[in-house]
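This is what each chain is made of:
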Amino acid sequence: MKKIVSIILSTTILMLIAIYPVSAELKVGYKDYDDGHKYEYKYEDIGDFRYIYEEESTYVKVLYKKPSSKQEIKRIEFPEEHKGKQVSEIGFTDYYYDPTADNLKVDTVYIPKNIKDFWVCCVQNPEADEPDRLISLRNIEVDKNNPYICSKDGVLYSKDMKEMKLYPDRNSMTVYKMPNSVKETHDFSKRNNIKKLYLSDNLKYIDYGFAANCKNLEYVYIGTNTKMIGSGCYGAFEGDKKLKIVKINSKRLKSIGDLSFSSCSNLKKINIPSTVKTIGEGAFWGCKSLKKITLPKNLKSIGFSAFADCKKLSKVVIKNKNKAPKIAKVKGIPEPYSDESAFSNTKKGIKFYVKNKKVAKSLKKQLKGSGVRNAKILIGKKVVYKNVK
């Protein structure tokens, strides 16, 4: 009888081992935050995954922990459950969770039906003090029964398609038409396969650094309800060196933020809607192919370096009816480019076209010290003021 019981117990143990792989006792890890606090968590590593447990929680977070791979990983399928706990978040270990973590190249990530969040960094944020672990990704697939998120053409969205959550950096599309349902979007920088980008008509805000340094981007469409192109340490489209045409269809845009199109050295054509009131510092700095710009009738101010180093800029049309916009200028010796006057290093003899003498007079005052060299102010074909500087 004892022998039979022993056999039954042994069989039961073997079955449990088959169902749940044996792992070491839970380890304790710490993650440092910028404010100096440390976050303590418990985890175990099984195979290629790290399972992170929240105290008194029925959920578990799963991170792909494989430290490095010289070859592209074809497909990663994350688990949906682990030891009776539902998986709620998935992602990849970073340097904070695992100092040995290295960059990876992955073709496809499959997200199961109960996952709410997927955390991954595809490109280095230009403002980051420390490097993130970069996961170069081509495609995202989501279980069609997932109630929280979905994918289309390899791009990750919220289930209601109102938020574009992640555009993989190696997605093969050369033309991306953002669904008009999208109202919020995330980082699009360094997406180097894209040549034409059509943003949603319902996207209200374009964040700074949004589509910066996209090596092959040539055309951008900005939709009808966008209110602002944001300001920050990096411009929304900064460094898009092949960008030639920007069409702004918005009837609500109020501001073109700092550095928005700086260093877009091939930009030749952009329209600025009549609703725009401010053009930020360095907004068009270094747009060396820009020859003509029309400034809208409601424009109030032009920031430092806004058109500085636009070496071919020779024609500026000002639509204001009562007075010229305020133009930022540097007193004394200019500092590096962020503190240059608005029109520094534009073409010598640049022409400004205005509506009437009242605007011409106020413009002459604003242009003094703005960086122009022997500028002319015209009403129609008639020169009203010349040699302005």
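Structural data are supplied above this passage.
Just so you know, these numbers come straight off a predicted model, no measurement behind them.

A. A look at the pairing of strand β2 (residues 38-46). Of the strand pairs in this sheet, β2 and strand β3 (residues 49-53) are connected by 5 bridges, and their pairing is antiparallel. Its bridge partner being in β3, Lys 42 is matched across the sheet by Tyr 53. Taking the residues between adjacent antiparallel strands as the criterion, β2 and β3 are bridged by 2 residues, where Gly 47 takes a positive phi near 65°.

B. Seen up close, the sheet that holds strand β8 (residues 104-111). Taken together, 3 strands build an open sheet; the order of strands is β5-β8-β10 and the sheet is parallel. Looking at which strands have only one partner, the edges of the open sheet turn out to be β5 (73-77) and β10 (135-142). Across this sheet, the average inter-strand angle for adjacent strands is 25°, counted without regard to direction. Here β5 runs beside β8; their pairing, made up of 4 bridges, is parallel. Looking at β8, one finds that Glu 77 is bridged to Tyr 110.

C. Geometry of the pattern of salt bridges. A full pass over the atoms with the stated rule returns 11 salt bridges. A salt bridge links Lys 74 to Glu 72; the nearest nitrogen and oxygen atoms lie 3.5 Å apart. Taking relative accessible area as the criterion, Lys 74 reaches 59% and is therefore assigned exposed. Given a relative accessible area of 22%, Glu 72 falls into the partly exposed group. Here Glu 72 and Arg 170 are joined by a salt bridge, their closest N and O atoms 2.9 Å apart. In this pair, Glu 72 sits in the loop between β4 (59-64) and β5 while Arg 170 sits in the loop between β13 (163-166) and β14 (175-177), placing the two residues 98 residues apart along the sequence.

D. Layout of unusual backbone geometry. A positive phi angle is found at Lys 83, which is not glycine, with a value near 50°. Its place among the elements puts Lys 83 in the loop between β6 (81-82) and β7 (85-92). Assessed through its relative accessible area of 36%, Lys 83 is described here as partly exposed. The backbone of Asn 387 shows a phi angle near 60°, a positive value even though the residue is not glycine.

E. Just the sheet that holds strand β24 (residues 292-295), in detail. One open sheet accounts for 5 strands, arranged β24-β26-β28-β29-β30; its pairing is mixed. Single-partner strands in this sheet number two, and they are β24 and β30 (382-388). Between one strand axis and the next, the sheet turns by 20° as a mean value, whatever way the strands run. Across 4 bridges, the pairing between strand β29 (residues 375-379) and β30 is antiparallel. Each residue of the ladder has a partner; that of Leu 378, found in β30, is Val 383. Contacts between helix α2 (residues 357-367) and the sheet are confined to β26 (315-318), β28 (351-354), β29 and β30, with β30 contributing the most and set at about 10° to the helix.

F. Structural detail: the side chain of Ser 370. One can find Ser 370 in the loop between α2 and β29. Leave out the neighbours within four places in its chain, and Ser 370 touches Ile 327, Lys 329, Ser 341, Ala 342, Phe 343 and Ser 344.

Conventions used here
- Residues numbered from 1 in each chain as written.
- Predicted model: local features only at pLDDT ≥ 70, side-chain atom pairs only at ≥ 80, totals over all residues.
- Heavy atoms only, no water.
- Pairing = 2+ DSSP bridges.
- Helix = DSSP H or I, 4+ residues; strand = E, 2+ residues; numbered from the N terminus.
- Axes fitted to C-alpha atoms, helices over the stretch in contact; angles between N-to-C directions.
- Salt bridge = Lys/Arg side-chain N within 4 Å of Asp/Glu carboxyl O.
- Buried < 20%, exposed > 50% of the residue type's maximum accessible area, 1.4 Å probe, protein only.
- Contact = heavy atoms within 4.5 Å.

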